[in-house]
Each structure stands twice: as C-alpha cells, then as structure tokens.
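Architecture at a glance
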Amino acid sequence: MQVLPLSGSFGIEVRDIDLSRNFTEAEFDVIHRLFVDHKLVCFKDQSLSAADQIAFSRRFGPLEVHVLTQYNHPDYPEIFRLSNRVVDGKPMGISDGGSYWHSDLAFQVQPAKATILNALEIPSEGGDTLFIDMEAAYNALSDEWKARLEGLRAIHRYRPRATTDGQTTQVKMTEEQKQKTPDVDHPLIRTNPDTGRKAIFAHPGMTVEVVGLDKAESDEILEFLFAHTIQPQFRYDFCWSPGDVVMWDNRSTMHSATTRDLPAGQHRTLYRTTVQGERPI
C-alpha cells in the first residue's frame, strides 16, 4: 500500500490496495486510521461491484438509505446513484446532487460519519468535487470567535433552495419526503469522537439560523462562518478519474459537487454509500 498526499494541507491518495478483498481486523484498523487522521482518502484504480462497495462501507458502520428513494439502486437501496444518464426515459440517478456546500445528512439527528463515492463513469473534464477542511477553519478562528461560538446551536434544513452564493439543486421532493426531513439543530462547533478535534459545523446549503438569537445576530454569525470556511487555504478541489473510490469524514469536512460544467454528451456516474454517524456534541 502506497500513501501519498492529495494536497499540502489535508487528504491522501492510496495506491496498491484492492478494496474488494476481505480485510483482517488489523488491516482494516489501518484503513480506518488513515480515514480518521486525513479526513479525505482517495483509493485509486478500483473496480468495485455494488456488493463490494456495500461490504467495504459496512466495515465503518451501519449504512443509511437515502430519503430520495427514487435515486437509490433498485437492488441495493443503500446505494444512492449520482448520474446524469437517462435510461428508458427515466433519470438513472440525481444529476446535480450536492451542488452546494454541505455535510452529508446534516439535516438528520445523526448526520453521516463517512461518505464513500465509487466513480463508475467520469467525463473528460468538469465534475470535480470541492472539499473544505472544517477543522483547519476552526483552528484559524480568533479566540474571541471561538468563545462566542461555544455552546451555540443552529438549525439545519434539507430543502431545495438557492444559497447565498447562488448554489442550488433541482431535486424535487414529495410531501412524504419533506415530512421525513424536519428541521434539526446541531452545535455550531462539534467534536469528532474519534480524534477529539473540533470543527465548524455550519454549511451554506443547509444551516439556516442560530437557535435563540435574533435574526440580525444569527445572520451575522452565519455569514461570517460561511465566508470564513470557504477561503482558499481550507479548500481542496478533487479531480476524478474512473476507478477512484473516495471517502471523507463529514464530521470534519464539507463539500460541494460541480455538475453544471460537464461537456455536452458526456456522463458522470458515481455510486454513493453513507455510513451512519453519531449525534454531534
């Protein structure tokens, strides 16, 4: 197994490993430690089947079934399909899923621990996934801001909407799906239970207000955090290749897809599994 940095700040690339094999506990412990320590891991040159992806993902914990069931794999509901392909007149997957800054399933009481994306089909250009190191963003806060944010909680909402920087998604939710995704509140600063490290947990695509504050002060805090976290020094843009399997820690990062710049006639298909996390503290 060869481990190389993805960037100068966070993330690694792992080569010479086959994720379809049955790892021993000791071997898996090494993989889990790489994930926890580096927050973003790309396993190169994989050829995982849907069953292989689910088996590997389950080593990290129970898997979620996404509320947008129309995009789940028909045989493996734990797999959420991200694709701009249309088969027999129906979308194979969600074409613009996650095209805004967010942390996966932050709209749930127990947001995601890990997301694992398996690249089946990648266009010749475009379709990068952008990542933010939210631990580094927290560490860069002034002591005054850290003190001000300590103990504050914010509302997270899963609704299709344009964000302040113009990001949006075209997904349509049924009334039943909306009822299954009520607002939840989480701490603005959360602690990763695997590392004890703190991270900002506020995302332009889902975090809508700070609990217990008037609108002016809530807006001030969130606007500051949104602008602070997306600064270039905290960001890494990942360029996909076919066969990449990429996983990240949603407790310590946020991300955004870029699905509007795909060349005409080219396709992007990724299978996603999501590992259930704990309630943030």
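Right above here is the structure, for reference.
Below is a short write-up of the structure. Everything quoted here is computed from the prediction, not taken from an experiment.

Here the idea is simple: oppositely charged side chains can pair when their charged atoms come close. Per the counting criterion, the structure on display carries 23 salt bridges. A salt bridge links Arg-197 to Glu-135; the nearest nitrogen and oxygen atoms lie 2.9 Å apart. On the criterion of sequence distance, the pair formed by Arg-197 in the loop between strand 11 (189–191) and strand 12 (198–200) and Glu-135 in helix 3 (residues 134–139) is long-range, its members being 62 residues apart. Residue classification places Arg-197 among the partly exposed residues on the basis of a relative accessible area of 33%.

Let us look at the nonpolar core. The biggest cluster of nonpolar side chains holds 29 residues, and the ones touching the most others in it are Leu-40, Leu-68, Phe-131, Tyr-158, Phe-238, Trp-240 and Val-246. Sorting the residues of this core by element identifies strand 3 (40–43), strand 4 (80–83), strand 7 (112–121), strand 14 (235–238) and strand 15 (245–249) as the ones contributing at least two each. Residue contributions to this core peak at three residues, all from strand 7. Those residues in contact with Phe-238 that lie beyond four places of it in its chain are Leu-6, Cys-42, Asp-128, Thr-129, Phe-131, Asp-244 and Val-246. If you look at the next biggest cluster of nonpolar residues, it comprises 26 residues, including Val-14, Ile-116, Val-245 and Tyr-271.

On inspection of all chains with the given rule, the structure shows nine aromatic pairs. Seen from their ring centres, Phe-107 and Tyr-158 are 4.1 Å apart, and the 10° between their planes marks the pair as stacked. Remark: Tyr-158 occurs in the loop between strand 9 (153–156) and helix 5 (175–179) and Phe-107 occurs in the loop between strand 6 (90–91) and strand 7; sequence separation between them is 51 residues. For Phe-107, a relative accessible area of 5% puts it in the buried group. Linked through ring pairs, Phe-28, Phe-35, Phe-43, Phe-56 and Phe-60 together constitute an aromatic cluster.

This part takes up the sheet that holds strand 10 (residues 184–187). Taken together, three strands build an open sheet; the order of strands is 10-9-13 and the sheet is antiparallel. Here the strands that pair on one side only, and so sit at the sheet edges, are strand 10 and strand 13 (207–210). Taken over all neighbouring pairs, the strand axes of this sheet differ in orientation by 35° on average, direction set aside. Pairing analysis gives three bridges linking strand 9 to strand 13, with the strands arranged antiparallel. Along strand 13, the bridge assignment pairs Ile-155 with Glu-209.

Reading the values: the criteria
- For every chain, the first residue of the written sequence is number 1, and numbering continues from 1 onward in sequence order.
- A pLDDT threshold of at least 70 governs which residues receive local features in this predicted model, and a stricter bar of 80 or more applies before side-chain atom pairs are shown or counted, although totals over entire chains, interfaces and linings include all residues.
- Side-chain numbers here rest on the full set of heavy atoms in the structure, without hydrogens or water.
- One speaks of a salt bridge when a side-chain nitrogen belonging to Lys or Arg is within 4 Å of a carboxyl oxygen belonging to Asp or Glu.
- Put simply, DSSP marks the helices as runs of H or I at least four residues long and the strands as runs of E at least two long, and each gets a number from the N terminus on.
- Only protein chains enter the accessibility calculation, which uses a 1.4 Å probe; a residue whose area is less than 20% of its type maximum is buried, one above 50% is exposed, and one in between is partly exposed.
- Within this scheme, the nonpolar core is defined by two criteria: the residues are buried Ala, Val, Leu, Ile, Met, Phe, Trp, Tyr or Cys, and they are joined through side-chain atoms within 4.5 Å.
- Should any heavy atoms of two residues lie within 4.5 Å, those residues are considered in contact.
- Each aromatic pair joins two rings of Phe, Tyr and Trp (for Trp, the six-membered one) with centres within 6.5 Å, and gets the label stacked for planes under 30 degrees apart, edge-to-face for over 60, and tilted for any other angle.
- Each pair of strands is called paired provided DSSP finds at least two bridges between the two strands.
- Fitted lines through C-alpha atoms serve as axes, helices being fitted only where they are in contact, and the angles separating the N-to-C directions of these axes extend from 0 to 180 degrees.

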